[in-house]
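The chain contents come next:
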Amino acid sequence: MQDAITSVINSSDVQGLYLDDGSMSKLQSYFRSGELRVRAAATISANASAIVRDAVAKALLYSDITRPGGNMYTTRRYAACIRDMDYYLRYSTYAMLAGDTSILDERVLNGLRETYNSLGVPIGATVQAIQAMKQVTASLVGADAGKEMGVYFDYICSGLGG
């Protein structure tokens, strides 16, 4: 896992250069948004179960996926969906705090699409639920922090191919 600082420094280090104006600007932006990111993470942590519950209700609960024959019909499958949504929220929050997507690649997306396909988990419904979680989160943390978190939710959706 990297963070925004490590990413900027590594990029310059690989080239054997000092930090240029563009690199310094990226770092300044990261530091300026620090308080916003920390407040958003605290709000998300305090409301995580409600965020997941509301996102699932908004996107999946009364759809074909929860009816008999649907992928979330049994209690075990429903619980697995809730668990996965909680993972996506937690790791998106970590990525937002770090200002870097590498943790999402390492801990969430690596092999996820293939695993879901082999288990018959509908990717489209997963993406729909993540997008609902993005909306629910933004309503709690505010527009600016919601936009920042949206970057990481969208990254997961893109990685799933949605």
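By the naming in an unreviewed UniProt entry, the protein is Allophycocyanin subunit beta, taken from Candidatus Synechococcus spongiarum LMB bulk15M. According to its UniProt record, the protein has this under Sequence similarities (unreviewed entry): "Belongs to the phycobiliprotein family."

Student: Help me understand the side chain of Ser102, please; the structure alone is not making it clear to me.
Tutor: By the secondary structure assignment, Ser102 is in helix H5 (residues 102-109). Given the relative accessible area of 13%, Ser102 is considered buried. A polar side-chain atom of Ser102 sits 2.8 Å from the main-chain amide nitrogen of Gln2. Excluding its chain neighbours within four sequence positions, the residues that come into contact with Ser102 are Met1 and Gln2.

Student: Looking at this model, I keep getting lost on the packing of aromatic side chains. Mind explaining?
Tutor: Under the defined criterion, the tally for this structure stands at two aromatic pairs. An angle of 90° between the planes, with centres 5.3 Å apart, marks the rings of Tyr91 and Tyr94 as edge-to-face. Note that Tyr91 and Tyr94 are positioned in helix H4 (residues 75-98) at a spacing of three residues, about one turn of the helix. We classify Tyr94 as partly exposed; its relative accessible area is 33%. Cation over ring: Arg37 sits above Tyr30, and NZ or CZ is 3.9 Å from the ring centre.

Student: Just checking my understanding: could you explain the UniProt feature "modified residue: N4-methylasparagine" (unreviewed entry) in the protein for this structure?
Tutor: Here, UniProt's "modified residue: N4-methylasparagine" (unreviewed entry) annotation points to Asn71. Checked against the element boundaries, Asn71 lands in the loop between helix H3 (34-59) and H4. Asn71 has contacts with Ile65, Arg77, Leu119, Gly120, Val121 and Pro122, leaving out every residue within four places of it along the chain.

Student: I keep staring at the UniProt feature "binding site: (2R,3E)-phycocyanobilin" (unreviewed entry) in the protein and nothing clicks. Help me out?
Tutor: UniProt annotation of "binding site: (2R,3E)-phycocyanobilin" (unreviewed entry) refers to Asn71, Arg76 and Cys81 when read in the numbering used here. Checked against the lining of the largest pocket, the annotated residues just named reduce to Asn71, Arg76 and Cys81. Tracing the chain through its elements places Cys81 in helix H4. Ignoring sequence-local partners within four residues, the contact set of Cys81 consists of Leu60 and Met72.

Student: It is not clear to me how the pattern of salt bridges should be interpreted in this structure. Could you clarify?
Tutor: A side chain of one charge can pair with a side chain of the opposite charge when the charged atoms of the two come close. This structure, assessed with the given rule, holds four salt bridges. The salt bridge partner of Glu35 is Arg39, with a shortest N-O separation of 3.6 Å. With Glu35 and Arg39 both in helix H3 and four residues apart, the pair spans about one turn of that helix. Note on Glu35: relative accessible area 56%, which makes it exposed. Two residues, Asp84 and Arg83, come together in a salt bridge whose shortest N-O distance is 2.9 Å.

Here is what the cut-offs are and how they apply
- Residues numbered from 1 in each chain as written.
- Predicted model: local features only at pLDDT ≥ 70, side-chain atom pairs only at ≥ 80, totals over all residues.
- Heavy atoms only, no water.
- UniProt positions renumbered as here; feature names shortened; annotations may be inferred.
- Helix = DSSP H or I, 4+ residues; strand = E, 2+ residues; numbered from the N terminus.
- Buried < 20%, exposed > 50% of the residue type's maximum accessible area, 1.4 Å probe, protein only.
- Polar contact = N/O pair within 3.5 Å; in protein donor to acceptor, adjacent residues only side chain to side chain.
- Contact = heavy atoms within 4.5 Å.
- Phe/Tyr/Trp six-rings, centres within 6.5 Å; stacked < 30°, edge-to-face > 60°.
- Lys NZ or Arg CZ within 6 Å of the ring centre and 35° of its normal.
- 1 Å grid on protein atoms, 1.4 Å probe; cavity = no way out; pocket = protein on both sides within 12 Å on 5 of 7 lines; lining within 4 Å.
- Salt bridge = Lys/Arg side-chain N within 4 Å of Asp/Glu carboxyl O.

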